[in-house]
Amino acid sequence: MTNWKDIDQKAKQWIIEAGEKIRHSFDSSLSIQYKSNPNDLVTNMDKEIEQFFISRIQETYPEHRILGEEGYGDEVSSMDGVLWIIDPIDGTMNFVHQQRNFAISIGIYGDGVGYIGLIYDVVHNELYHAFKGEGAFMNDIPLPKLDKVEIEKAILGINPVWVTENPRIDYQLIVPIVKKVRGTRSYGSAALECAYVAAGRLDGYMTMRLAPWDFAAGLVLIEEVGGSISTMTGEKLDILTKTSFFVGEKHLHKHIIEEYLNK
Ligand code: IPD
Ligand code: CA
Ligand code: CA
Ligand code: CA
């Protein structure tokens, strides 16, 4: 039997420890490299933090599998067993340029079910945490279930690139949504944007392409506050594939899918 409480306690302890390492790194110089293109950054800290989690998990739970953005974990092609999905620094561009607006993100799944979600905003010392069936919390303060919100009063997380011509979606579908909502915000960290939806700071967050490590933790948080989760066309997400992504308060989510995206 998997002891989820034990895993939860360890994961929390390690994420706080990793946050300390990141805070200390601000005193020394970063080594920055490019991945797929000159705007796709990775630093020595992204790699070190991922390796830190992997060594802790492997020592403590050798039977668990790990999917990490920087590739130090396992080759994962199924959700069987206990799977840790880790983004050591979500929002690396912000980490490099701003030293804020980034987070550590860890989602822990058992046979495809999300049990634990942890998103740690290191600089603000805000730890968003959800445990399946027990709710979501910010620094141990319970987050209430999301209240119904009308589109005219909604704040939507979206990157402005999606209202310009782009290869992934007809931007003319998005323009009317952006015009109708009360406001839009773009923070540059998918994990934090999910945490903000769970905390009611945003009413929805949409984007055309995320990877499993960007949203694995966020899904558990959003689930626990009663939000809706889907692709941009309202389909169920496949956790292990890169996908379009839309989460939000459930009435708002349904309204936007039906009236704007699936017309
Ligand atoms: C990125 C951030 C960003 C999102 C990108 C992600 P990274 O993650 O979450 O907000 O728009 O799609 O790749 O690379 O900084 O971990
Ligand atoms: Ca990255
Ligand atoms: Ca990420
Ligand atoms: Ca990352």
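Description of the structure in this document. (Residues numbered from 1 in each chain as written. Chains lettered and ligands numbered in written order. Predicted model: local features only at pLDDT ≥ 70, side-chain atom pairs only at ≥ 80, totals over all residues. Heavy atoms only, no water.)

Right, let's talk about the overall build of the chain for a bit. The helix and strand tally for the chain stands at seven helices and 14 strands. What you see for the chain is a C-alpha radius of gyration of 18 Å, in line with the 18 Å of a compact globule of 263 residues. Expressed along its principal axes, the backbone C-alpha trace of the chain runs to roughly 50 × 45 × 35 Å. Within the chain, counting contacts between residues at least 6 apart in sequence, those at least 24 apart form 61% of the total. Within the structure as shown, the chain displays about 12,300 Å² of accessible surface, and the carbon and sulfur contribution to it stands at 46%. Where the 26 positive side-chain charges of the chain centre and where its 38 negative ones centre are 5 Å apart. (Helix = DSSP H or I, 4+ residues; strand = E, 2+ residues; numbered from the N terminus. Rg over C-alpha atoms; globule rule 2.2 N^0.38 Å. Contact = heavy atoms within 4.5 Å. Areas by Shrake-Rupley, 256 points an atom, 1.4 Å probe, with all protein chains shown as cover. Lys, Arg positive; Asp, Glu negative; His and termini not counted. Charge placed at Lys NZ, Arg CZ, Asp CG, Glu CD.)

Next up on the list: the sheet that holds strand β3 (residues 65–68). Spatially, β3-β4-β5-β6-β7-β8-β9 is the arrangement adopted by the seven strands of the open sheet, whose pairing is mixed. For this open sheet the edge positions go to β3 and β9 (141–142), each flanked by a neighbour on one side alone. Two elements, strand β7 (residues 126–131) and strand β8 (residues 135–138), share four bridges in a ladder whose sense is antiparallel. Directly across from Tyr 128, in β8, lies its bridge partner Met 138. Packed onto the sheet, helix α6 (residues 212–224) meets β3, β4 (82–90), β5 (103–110), β6 (113–121), β7 and β8 and runs at close to 105 degrees relative to β6. (Pairing = 2+ DSSP bridges. Axes fitted to C-alpha atoms, helices over the stretch in contact; angles between N-to-C directions.)

One can describe the packing of helix α4 (residues 171–180) onto helix α7 (residues 250–261) by two numbers: an axis separation of 10 Å at closest approach and a directional angle of 130 degrees. The pairing of α4 with α7 is recorded here as oblique in orientation. Note that α4 runs across α7; the crossing there is right-handed. Facing Leu 173, Ile 174, Pro 176, Ile 177 and Lys 180 of α4, the residues of α7 in contact are Ile 256, Tyr 260 and Leu 261. The class makeup of the residues in the contact of α4 with α7 is seven nonpolar, no polar and one charged. (Parallel < 35°, antiparallel > 145°, perpendicular 65-115°, else oblique. Left-handed = near helix turned anticlockwise from the far one by under 90°. Nonpolar A, V, L, I, M, F, W, Y, C, P; charged D, E, K, R; others polar.)

What follows is about α7. Along α7, the residues that are buried comprise Leu 252, His 253, Ile 256, Ile 257, Tyr 260 and Leu 261. An end-on view of α7 places all buried positions within 130 degrees of arc, on one side of the element. (Buried < 20%, exposed > 50% of the residue type's maximum accessible area, 1.4 Å probe, protein only. Arc of directions from axis to C-beta.)

Okay, the coordination of the calcium ion (ligand 4) next. Summarising the metal site, the calcium ion (ligand 4) is bound by the protein donors Glu 69 (OE), Asp 87 (OD) and Ile 89 (O), whose distances to it range over 2.1 to 2.3 Å. Binding-site remark: the calcium ion (ligand 4) is held by donors from one chain whose sequence spacing is E-x17-D-x1-I. Between the calcium ion (ligand 4) and the calcium ion (ligand 2), the interatomic distance is 3.8 Å, and Glu 69 donates to each metal, bridging them. Taking the relative accessible area as the measure of exposure, Asp 87 reaches 1% and is therefore buried. (Donors = N, O, S within 2.8 Å, 3.2 Å for Na, K, Ca; no water.)

Moving on to helix α5 (residues 190–199). With nine of ten residues buried, α5 lies mostly within the body of the structure. Two residues or fewer after α5 comes Gly 200, characterised by a positive phi angle close to 80 degrees.

Attention shifts here to the sheet that holds strand β14 (residues 243–248). Think of a sheet as strands paired side by side through backbone hydrogen bonds, with each pair either parallel or antiparallel. With mixed pairing, five strands are arranged side by side in an open sheet as β11-β10-β12-β14-β13. This sheet does not close on itself; its edge strands, each paired only once, are β11 (183–185) and β13 (228–230). The average angle at which neighbouring strand axes cross in this sheet is 15 degrees, direction not considered. Note: strand β10 (residues 155–157) against β11, three bridges, orientation parallel.

Within the largest apolar cluster, 38 residues are counted, with the highest numbers of intra-cluster contacts made by Ile 85, Tyr 109, Ile 119, Tyr 205 and Phe 245. Residue-level mapping places this core at the junction of two domains, with at least three residues from each of domain 1 (4–142) and domain 2 (151–261). With near-sequence residues (within four places) excluded, Ile 85 lies in contact with Leu 67, Ser 105, Ile 106, Gly 107, Tyr 109, Pro 212, Trp 213, Ala 216 and Ile 239. Core analysis: the second largest hydrophobic core is formed by 32 residues, Leu 41, Ile 54, Leu 127 and Phe 131 among them. (Core = buried A, V, L, I, M, F, W, Y, C linked by side-chain atoms within 4.5 Å. Domains from an automatic or database assignment.)

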